[in-house]
Amino acid sequence: MYDLIIIGAGPIGMYASTLSLSRGIKTLVLESTQIYGGQLNLYLSKDILDIPGYVSIKCETLKENLYKALSSYNPEIIYNTEIMKVNINEDQTFLLETNNGSFVTKKILLTTGAGKYNPITLDIDGMPNKKVSYKLDNPYIYKNKDVAIFGGGDSAVDMANLLVSIAKKVTLVHRRNDFRAKSENVNTFLNNLGNIIKPYVALKLTENENKINFVLENAGTKEKINLEVDNAIVYFGSASNTNVFTNILDYDPSGFKVNSACESSVKGIFVAGNACLYLGKNKNLASGFGEASNIIYTIDCQINPNKHISNFNSKK
Ligand SMILES: Cc1cc2nc3c(=O)[nH]c(=O)nc-3n(C[C@H](O)[C@H](O)[C@H](O)COP(=O)(O)OP(=O)(O)OC[C@H]3O[C@@H](n4cnc5c(N)ncnc54)[C@H](O)[C@@H]3O)c2cc1C
């Protein structure tokens, strides 16, 4: 039996498993894809500016550092694993049935983020097209290219800011007048001579020679314009993605509801990172690392009460 099964090997799952293994908690990590890193894989070249202690850190460096720290504890990680069923046993342990076998554990920590990345697609005539991508693997393939980015959230604007110093020209196309992204990031894009077309939606895509051409329609006046570019990136976010836990836990489309200890509506199942929801939750890395740290401490107190007699009420 495991003390803890962590579901999801994104940044928060990797950090949580490092902490749990460092405390001697018998831990298994189950990941649905074939790689660790979660959403970090979507923006490897970005400089992250809001990690405590770093003025700036390259996303890929953070990802590899998190994995290096975890690797030093010889973690047990099983990739390509889908959880099919969760049984709550009478003794308050859990039986997880997966495509890679069944596992019994005392506690579960969900670090499933937004679920498997399942991009909301651009469904217009002419799609799919090889010159239109849903993620930014390597920004340098866009060197000297004319690129359109569709979307108005933080991720789309982050990608635009990353490309604006590499590509020949970057045009951000958004369907609304207001961006959901932070206004200072939109201003940075404009200050770096990025181009914005709004409020426009794409109606149609055609390809000729090496270029792709979008017909865009003004969301208000319905006026149509053409936008010719070399490539496009669409970042409308990830489609809502449910898993077996959405049936047994208190779930809202933006996450699993948790209490102040980050415990879900089922005792013994905790949630950290982008998957959890509480008043004031900020879906970023720093908040997820903090949640992971508190949860692992709580779990250690609960399964090893003798270690923590002085400062924790283990009767919870
Ligand atoms: C373009 C972009 C830029 C960003 N920039 C910043 C930034 O500058 N600063 C910042 O703090 N944050 C930033 N973020 C947000 C940050 O990446 C997320 O807050 C963080 O990745 C959340 O980590 P997580 O581990 O909770 O979830 P995720 O990173 O989503 O990882 C979840 C993991 O769980 C796995 N999984 C999902 N469902 C299951 C399942 N049922 N079974 C098994 N495994 C499962 C997934 O495959 C994935 O590996 C950015 C995000 C994007 C997209």
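Residues numbered from 1 in each chain as written. Predicted model: local features only at pLDDT ≥ 70, side-chain atom pairs only at ≥ 80, totals over all residues. Heavy atoms only, no water.

Asker: Would you explain the sheet that holds strand β18 (residues 255–257) in this entry?
Answerer: Sheet strands line up and pair through hydrogen bonds in the backbone, either parallel or antiparallel. The mixed open sheet is built from three strands, whose spatial order is β17-β18-β20. Here the strands that pair on one side only, and so sit at the sheet edges, are β17 (251–252) and β20 (276–277). As paired strands, β18 and β20 are joined by two bridges and run parallel to one another. Across the sheet, K257 pairs through a bridge with L277, a residue of β20. (Pairing = 2+ DSSP bridges. Helix = DSSP H or I, 4+ residues; strand = E, 2+ residues; numbered from the N terminus.)

Asker: Honestly, the domain arrangement of the protein chain in this entry has me stumped. Any pointers?
Answerer: One frequently used descriptor of interface size is the decrease in accessible area upon assembly of the parts. As far as domains go, the protein chain holds domain 1 (2–117 + 239–308) and domain 2 (132–234). Taking the mean C-alpha position of each, domain 1 and domain 2 sit 33 Å from one another. Contacts between the two partners involve six residues from domain 1, matched on the other side by eight residues from domain 2. When domain 1 packs against domain 2, close to 590 Å² is buried across both sides, 51% of that on carbon and sulfur atoms. The largest share of the area that domain 1 buries against domain 2 comes from L42, S45 and K46, three residues that together contribute 65% of it. Counting across the domain 1 and domain 2 interface gives one salt bridge. Here domain 1 is connected to domain 2 by one residue pair in polar contact (both at pLDDT 80 or more). In the side of domain 1 that touches domain 2, the residues fall into three nonpolar, two polar and one charged. (Domains from an automatic or database assignment. Contact = heavy atoms within 4.5 Å. Buried area = accessible area lost by both parts, 1.4 Å probe. Salt bridge = Lys/Arg side-chain N within 4 Å of Asp/Glu carboxyl O. Polar contact = N/O pair within 3.5 Å; in protein donor to acceptor, adjacent residues only side chain to side chain. Nonpolar A, V, L, I, M, F, W, Y, C, P; charged D, E, K, R; others polar.)

Asker: Help me understand the nonpolar core in this model?
Answerer: Across soluble globular proteins, you tend to see nonpolar side chains buried next to one another. Residues L96, I108, L109, L110 and F245 are the most contacted members of the largest nonpolar core, which totals 53 residues. Sort the elements by how many residues they give to this core and helix α6 (residues 285–303) lands first, with seven residues. Among residues more than four places away in sequence, those in contact with L96 are I5, I7, L30, I83, K85, V86, G101, S102, F103, I108 and F245. Core analysis: the next-biggest nonpolar cluster, separate from the first, contains 22 residues, A156, V164, A181 and Y235 among them. (Core = buried A, V, L, I, M, F, W, Y, C linked by side-chain atoms within 4.5 Å. Buried < 20%, exposed > 50% of the residue type's maximum accessible area, 1.4 Å probe, protein only.)

Asker: What exactly am I supposed to notice about the environment of M84 here?
Answerer: With respect to the secondary-structure elements, M84 resides in strand β6 (residues 83–88). C-alpha separation for the pair M84 and N243, spaced 159 residues apart in sequence, amounts to 8.5 Å. If sequence neighbours within four positions are ignored, M84 has contacts with E97, T98, N99 and V244.

Asker: How should I be thinking about unusual backbone geometry in this particular structure?
Answerer: Trans is the common state for peptide bonds, and a negative phi is the common state for residues other than glycine. With an omega of 0°, the peptide bond between M127 and P128 qualifies as cis. Looking at the secondary structure, you find P128 in the loop between β8 (101–110) and β9 (132–133). Cis geometry is adopted by the peptide bond preceding P199, which originates at K198 and carries an omega value of -10°. Within the secondary structure, P199 is located in the loop between β12 (195–197) and β13 (200–208). The phi dihedral of L193 is positive, around 70°, even though this residue is not glycine. Counting through the fold element by element, L193 comes out in the loop between α4 (183–191) and β12. The exposed category is assigned to L193, whose relative accessible area is 76%. Although it is not a glycine, K222 adopts a positive phi angle of roughly 70°. On the secondary structure map, K222 appears in the loop between β14 (211–218) and β15 (224–229).

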